[in-house]
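# Observations on the model geometry
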Amino acid sequence: MDQHAPVEARARLLAGQDMWTLPAVPELGFHGLVMSDGPIGVRGTRWTSGDPSIALPSPTALAATWDAGLARRVGSLLAQEARRKGVHVLLAPTVNLHRSPLGGRHFECFSEDPLLTGELAAAYVQGVQSGGVAVTVKHFVANDFETERMTADVVVSERALRELYLLPFEIVVREAAPYGIMAAYNGVNGTAMSEHGELLNGVLRDEWGFDGFVVSDWFGARDTVRAALGGLDVAMPGPTTVYGPALAEAVREGAVPEKVLDEHVRRVLELARRTSSPAETPPVDGRALAREVASRSFTLLRNDGVLPLTGTPRVALIGGLAKEARVMGGGSARVFPSHVVSPLEGLESAGLDVVYARGADPSRRLNPAAFPLRAIAYDTEGRLLGEYAQPDGSLQWIGQMPEGVDYGELGSVAIRGTFVPQTSGEHRIAIEGVGAFKLTVGDDVLFDGTVAPESDDPFAAFFFAPQTVFPVDLKQGMEVEVELVHRLVKDGMPLPFVGFGLMHREPTADPDTLLSEAEAVATAADVAVVVVGTSKEVESEGFDRTSLKLPGRQDELVRRVAAANPRTIVVVNAGSPVEMPWREDVSAVLLTWFPGQEAGHALADVLTGTAEPGGRLPTTWPARLEDCPVTEVTPVDGVMRYDEGVFIGYRAWQRTNIPPAYEFGSGLGYTTWSYENASYADGVLTVTLRNTGPRPGREIVQTYLAPARRDENRPSRWLAAFAVAEAAPGESATVTLDIPDRAFAIWHDDAWHPIPGDYLLHTGHSLTDTPLTTPLAHP
Ligand code: BGC
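Residues numbered from 1 in each chain as written. Predicted model: local features only at pLDDT ≥ 70, side-chain atom pairs only at ≥ 80, totals over all residues. Heavy atoms only, no water.

Okay, the pairing of strand S15 (residues 373–379) next. Of all 7 residues that make up S15, 6 are buried, and the element is covered over most of its length. Alignment of S15 against strand S16 (residues 384–390), held across 6 bridges, turns out to be antiparallel. In the strand pairing of S16, Ile-376 is matched with Glu-387. Here S15 hands over to S16 after 4 residues, with Gly-382 in that stretch at a positive phi of 90°. Two elements, S15 and strand S18 (residues 410–419), share 7 bridges in a ladder whose sense is antiparallel. Paired with Tyr-378 across the strands is Ser-412, a residue of S18. (Buried < 20%, exposed > 50% of the residue type's maximum accessible area, 1.4 Å probe, protein only. Helix = DSSP H or I, 4+ residues; strand = E, 2+ residues; numbered from the N terminus. Pairing = 2+ DSSP bridges.)

In this section: the sheet that holds strand S1 (residues 21–22). Strands sit in the order S1-S2-S3-S4 across an open sheet of 4 strands; the sheet is mixed. A single partner strand is all that each edge strand has here, and the edge strands are S1 and strand S4 (134–135). When S1 meets strand S2 (residues 33–37), the two strands line up antiparallel, connected through 2 bridges. Across the sheet, the residue bridging to Leu-22 is Leu-33, located in S2. Seen against the sheet, helix H10 (residues 258–274) touches S1, S2, strand S3 (89–91) and S4 and runs at an angle of roughly 80° to S2. (Contact = heavy atoms within 4.5 Å. Axes fitted to C-alpha atoms, helices over the stretch in contact; angles between N-to-C directions.)

Attention now goes to the environment of Gly-38. Mapped onto the elements, Gly-38 comes out in the loop between S2 and helix H2 (59–65). Residue Gly-38 is classed as buried on the basis of its relative accessible area, which comes to 0%. Along the chain, Gly-38 and Ile-739 lie 701 residues apart, while their C-alpha atoms are 31 Å from each other. When sequence neighbours within four positions are dropped, the list of residues in contact with Gly-38 reads Leu-90, Leu-91, Ala-92, Ser-332 and Ala-333.

Attention now goes to unusual backbone geometry. With an omega of 0°, the peptide bond running from Ala-92 to Pro-93 counts as cis. In this fold, Pro-93 is placed in the loop between S3 and helix H4 (114–130). Look at the link from Gly-238 to Pro-239: it is a cis peptide, with omega at 10°. Tracing the sequence through the fold places Pro-239 in the loop between helix H8 (224–230) and helix H9 (245–252).

The next subject is a negative patch on the surface. On the surface, Glu-158, Glu-198, Asp-749 and Asp-750 cluster together to form a negatively charged patch. We classify Asp-749 as exposed; its relative accessible area is 68%. (Patch = residues over 30% accessible without salt bridge, like charges linked within 9 Å, V, L, I, M, F, W, Y side chains within 5 Å. Areas by Shrake-Rupley, 256 points an atom, 1.4 Å probe, with all protein chains shown as cover. Salt bridge = Lys/Arg side-chain N within 4 Å of Asp/Glu carboxyl O. Lys, Arg positive; Asp, Glu negative; His and termini not counted. Charge placed at Lys NZ, Arg CZ, Asp CG, Glu CD.)

Ring pairs (aromatic) are described by centroid distance and by the angle formed between their planes. The tally for this structure, following the rule as stated, stands at 18 aromatic pairs. When the ring of Trp-20 is compared with that of Trp-47, the centres are 6.5 Å apart and the planes differ by 40°; the resulting orientation is tilted. One end of the pair, Trp-20, is in the loop between helix H1 (7–12) and S1; the other, Trp-47, is in the loop between S2 and H2, and 27 residues separate them in sequence. For the pair Trp-20 and Trp-47, a shared accessibility class is recorded, and that class is buried. Aromatic pair Phe-744 and Tyr-759: ring centres 4.9 Å apart, planes at 85°, arrangement edge-to-face. Separated by 15 residues along the polypeptide, Phe-744 in the loop between strand S33 (732–738) and strand S34 (745–748) and Tyr-759 in strand S36 (residues 757–764) bring together distant segments of the chain. With respect to burial, Phe-744 and Tyr-759 carry one shared label: buried. Feature note: the residues Trp-66, Tyr-650, Phe-664, Tyr-704 and Phe-722 constitute an aromatic cluster, connected by ring pairs. If you follow Arg-162 out to its NZ or CZ, it ends over the ring of Trp-747, 3.9 Å from the centre. Positioned over the ring face of Trp-752 is Arg-742, at 3.8 Å from the centre of the ring. (Phe/Tyr/Trp six-rings, centres within 6.5 Å; stacked < 30°, edge-to-face > 60°. Lys NZ or Arg CZ within 6 Å of the ring centre and 35° of its normal.)

This brings us to the nonpolar core. Membership of the largest hydrophobic core comes to 163 residues, with the highest contact counts inside it found for Tyr-124, Phe-140, Val-141, Tyr-165, Trp-218 and Tyr-243. Tallying contributions element by element places H4 first for this core, with 9 residues. With 35 residues, the next largest nonpolar core counts Ile-318, Val-532, Val-561 and Leu-617 among its residues. (Core = buried A, V, L, I, M, F, W, Y, C linked by side-chain atoms within 4.5 Å.)

Our next topic: helix H3 (residues 68–84). Across its 17 residues, H3 extends 24 Å between first and last C-alpha, which sits within 8% of the 24 Å expected from 1.5 Å per residue. Among all positions of H3, only Leu-70, Ala-71, Val-74, Gly-75, Leu-77, Leu-78, Ala-79, Glu-81 and Ala-82 are buried. Close packing links the buried residues of H3 with H2, S3, H4 and helix H11 (286–297). Capping the start of H3, Asp-67 holds a side-chain oxygen 3.0 Å from the backbone nitrogen of Gly-69, two or three residues further along. Gly-86 occupies a position one or two residues after H3 and carries a positive phi of about 70°. (Expected span 1.5 Å × (residues − 1). Polar contact = N/O pair within 3.5 Å; in protein donor to acceptor, adjacent residues only side chain to side chain.)

Moving on, we come to H9. The α-helix advances 3.6 residues per turn, and as a result positions three or four apart in sequence lie on the same side. When we look at burial in H9, the residues that qualify are Leu-247, Ala-248, Ala-250 and Val-251. Projected down its long axis, H9 carries its buried residues within an arc of 160°, all on one side. Along its buried surface, H9 packs onto H1, H8 and H10. Just past H9, the residue Gly-254 takes up positive phi, approximately 85°. (Arc of directions from axis to C-beta.)

What follows concerns the sheet that holds strand S37 (residues 772–778). Backbone-to-backbone hydrogen bonds join strands into a sheet, with any given pair of strands oriented parallel or antiparallel. Reading across from one edge, S32-S31-S36-S37 is the order of the 4 strands in this open sheet, with antiparallel pairing throughout. Here the strands that pair on one side only, and so sit at the sheet edges, are strand S32 (718–727) and S37. Between one strand axis and the next, the sheet turns through 20° on average, direction left out of account. Alignment of strand S31 (residues 697–707) against S32, held across 9 bridges, turns out to be antiparallel. Looking at the pairing, Tyr-704 lines up with Leu-719 of S32.

Shown next as structure tokens:
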């Protein structure tokens, strides 16, 4: 590094200059770096469908494949997307754990199990970095809930930290050498994670040998000196951060030693070097991969033989989500695909004979207006600054303004267009956003006032802004001018930001009529496929869930359709657990998670049997929220206590007398397996199993380690290894599973201690369906 570069220049390198980039610092030969959110795609620097991205299934879906090879291929595709968009650093993967099913961002994390999470994340990181693109594994650490996420302090034992929450990060560091880590917003045991020297410098760097850079979560760095000394290399986003000029000042005053500054700078220069020559990798077909991951992730929990469909049945396809698929969770994980294949399109294009009925909607929220629109920017005096194409009613200018607009001068932005209704009746038009608005439809001013925020999380206001809805009677074919003007208040905005939406919904029948229509189409069909799931109000960022019930009247819809047609298949389109009180009364239950842009094609593949549903639950699926052993997501007086220690997920369920609806690891394919033999020698378990069913299949072989004698201090069994097996009908497959020494160890007194003694390896199809038991003595 050029030691002669002024302190200012060196400090500038460590501070975001806008929402996504680090500035070029010519004095240091640094050309700047671009970061962008994942994990299911690479959004790039703009929040718009004008800059589309491949949208893959949610991380819970990827975890349901239990397939590291597939995760690696996902990583390679993401590197390709990043390079296409000029992105050097992908802000992913998210490896926090499913501690409580109420966690708002579960869809964005992999699993309740740290080994499954860590192994899939490591493969994902290898894939991304093999394409010359960096990752930031996030959010380090214990960011397993959203309520008060910016300020909450997590009180957690050293043992639970090591055995659960730190473990995925440790696995990724050791197996994939990630170029970056993102520090979480929350604190751990009294210290903010962006300032946590003990965990960032001590554990991550000194103990595990992490040699990459640490970035703050967005707006997560709060104190210049504490962050610099605590090991935080980069403060994002800009232009106002606690680094840059403030850091230069702290160095000059001696509060931060110059060698600390230089160490941070060195790591960022190294990051630039690592991402400067994108590797030439074979091109990946993003659409094909999205479709493959989706069908491999779909988790079949119940099947009375109705699936795969045979012959040419008449299919009643039912549900608001069957037409408007929810293919990803909300928040910073959102990307904008160029198209989404809904279940309806997917089934129709597979040649199925489909009749559609809406039945019920998961959400009362309106979608962005989809008629031709323009965005028009004015200065504070009302003078025109520019006019722009607006792909739909959702406008998000973040960090970067469109050409010709200087944020300082910007006074208001209008979304305007001419709407030609296709249907007569009561349309709904809504303002999405907070602040001052004027909504005009034709000659009528429907609103001229201010909408107040509903939450004090700045991101919640953005990701999940309130909608103010107005009914409007319109006639088919009678065009009408619609205009929504947003007057900006820029006080307190940390960066240039304009975000609001003009939303619309066609006239719809009343809910009772929709339900009756669904019953009628179900009665007349050979088979009914009902798609139910969650909404943006339920699974997103910046808030947790309050219930696991399906929103709206979807449970009633399933019951009524199942009563009307004995062959009812329920497709559950949710990123994390929901209650399914009707699950024993339907022919099949298929979880599709948030399936990504190729949702409908993958669904058709699985329903028709072109593909086998490959998913196994990466998280325990409760029957009811009340049954769950760990649910709390709300800090008390700013403190969130992880008092359950190492007992989360199946580790905790095993100690209750209540069975979940579906066990960790479970899921059906279209064939059957017989587990024939398992033998253990020198840390390796060799398992032979046979495909006893009628068609080729894939199975996830899972082995769980258990102390031979019950030990109250430890879970009764825990995942020790897993592998993918494939075999043709009648054929057998043999897989080998490495049982790492760590599987036998617990953390106490600042070290790992292997516990010697007799153990059993329970091997099979899921946590509890383990036909083979192999005794062993350790060491
Ligand atoms: C999220 C991060 C994300 C960042 C940038 C934060 O609010 O917690 O996961 O990478 O925003 O969008």
